[in-house]
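# Tertiary structure, described
Here is what each chain is made of, one letter per residue.
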Amino acid sequence: MRKIITLSVVLLMFLVGLAQKKTPVITAKDGITTQKYYHKNGTVSTIETWDNSHRFGEVKGFNRNGVQIFMYHLRAIGGHASAHITYYPDGQVQKVEYSDAPDAGIQHYQSWTTFNENGEQTGFSESKYPDDTLVTFRRTPQEQPVVQRPQETIVCAVPYCTVVRVVNLTRKKIPVFFKALKNNELTRLDKDIIVPKKGTVVADSIMMAERYIDAPKVYGVSIAEGKKYAGYKLLLTEPTTSGSTKTYTWYIVKEE
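Residues numbered from 1 in each chain as written. Predicted model: local features only at pLDDT ≥ 70, side-chain atom pairs only at ≥ 80, totals over all residues. Heavy atoms only, no water.

### Observations concerning the overall build of the protein chain
Secondary structure assignment for the protein chain yields one helix and 19 strands. Among the 256 residues that make up the protein chain, the fraction classed as buried is 38%. Carbon together with sulfur atoms contributes 53% to the accessible area of the protein chain, which is approximately 15,900 Å² in total. (Helix = DSSP H or I, 4+ residues; strand = E, 2+ residues; numbered from the N terminus. Buried < 20%, exposed > 50% of the residue type's maximum accessible area, 1.4 Å probe, protein only. Areas by Shrake-Rupley, 256 points an atom, 1.4 Å probe, with all protein chains shown as cover.)

Put into structure tokens, the structure is as follows:
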């Protein structure tokens, strides 16, 4: 009987602990809603934030050591952009399923990213429609004679992805601030990121139909102030384009 009671208590404590790890902590300040999940060791696992109209947001994930491992742009207007996240029992992100689709269109983008229990990426796959091609529809011939019509070609909106990232070329961990510029129509959320030495962090990834985003008109980017970071600066290079993805890269360098 004592063994049964002990086993029941242990099982109950396990279930309570598991439930706690899956319960988010939600706060609101200055109109910004923040939802956080935590690792077992108390560090933040994911942070999801939305503006005061719940139209635009973002979600960021971290490993148990506080290193950012992903970031996705969210949207609840003009279609949707959403991320469904599953977790390991200790709070580490196991899988992210991301979906982005403009309103009133057949185009879409989806991706699936998996991580191991240390927060290291183990897999990635994606699906999008159309796949950078024109979609052609032909009318089915009718049995009765009809006037011959030319082939109709319908061009579907193609999802374009704009990636914003920072590459640290120095041997020092550097905090970088992304300030949402006034009057930009994409986001009102500022971003604070820590770029590890000799590391790269993606600060934003924005999906839009038929066009890229001019990232320097969305964010003002700067290094943290103070003597500790004096002598370091940011250099923005010309964006690179591959397929339907354009990447803006800021490099952290040390002034000579």
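### Comments concerning the side chain of asparagine 168
Tracing the backbone shows asparagine 168 in strand S12 (residues 159–168). With a relative accessible area of 1%, asparagine 168 lands in the buried category. Residues contacting asparagine 168, with those up to four places away along its chain left out, are Lys173, Ile174, Val195, Pro196, Lys197, Lys198, Gly199 and Ile252. (Contact = heavy atoms within 4.5 Å.)

### Some remarks on the pattern of salt bridges
By the definition in use, this model includes six salt bridges. A salt bridge links glutamate 58 to lysine 191; the shortest N-O distance between them is 1.7 Å. Here the residue glutamate 58 occupies a position in strand S4 (residues 56–62), and lysine 191 occupies one in strand S14 (residues 191–195), the gap between them amounting to 133 residues. Judged by relative accessible area, glutamate 58 falls into the buried class, the value being 4%. Since its relative accessible area comes to 3%, lysine 191 is described here as buried. (Salt bridge = Lys/Arg side-chain N within 4 Å of Asp/Glu carboxyl O.)

### Quick look at the packing of aromatic side chains
Across all of its chains, the model carries six aromatic pairs by this definition. Aromatic pair phenylalanine 70 and tyrosine 72: ring centres 5.6 Å apart, planes at 45°, arrangement tilted. Here phenylalanine 178 and tryptophan 250 contribute two aromatic rings whose centre-to-centre distance is 6.0 Å and whose plane-to-plane angle is 80°, an arrangement assigned as edge-to-face. With a gap of 72 residues between them, phenylalanine 178 in strand S13 (residues 174–180) and tryptophan 250 in strand S19 (residues 245–254) connect regions that are remote in the sequence. No difference in accessibility class separates phenylalanine 178 from tryptophan 250, as the two residues are buried. Among the aromatic residues, those joined into a cluster by ring pairs are Phe70, Tyr72, Tyr98 and Phe115. (Phe/Tyr/Trp six-rings, centres within 6.5 Å; stacked < 30°, edge-to-face > 60°.)

### Some thoughts on the sheet that holds S13
If you walk across this open sheet you meet the three strands as S14-S13-S16, and the pairing is antiparallel. Both outer strands of the open sheet, S14 and strand S16 (219–223), are each paired with one neighbouring strand and no more. Shown here is a sheet whose adjacent strand axes are inclined to one another by a mean of 20°, direction ignored. Bridge count for S13 against S16 is five bridges, and the pairing is antiparallel. Within S16, the residue paired with alanine 180 across the bridge is tyrosine 219. (Pairing = 2+ DSSP bridges. Axes fitted to C-alpha atoms, helices over the stretch in contact; angles between N-to-C directions.)

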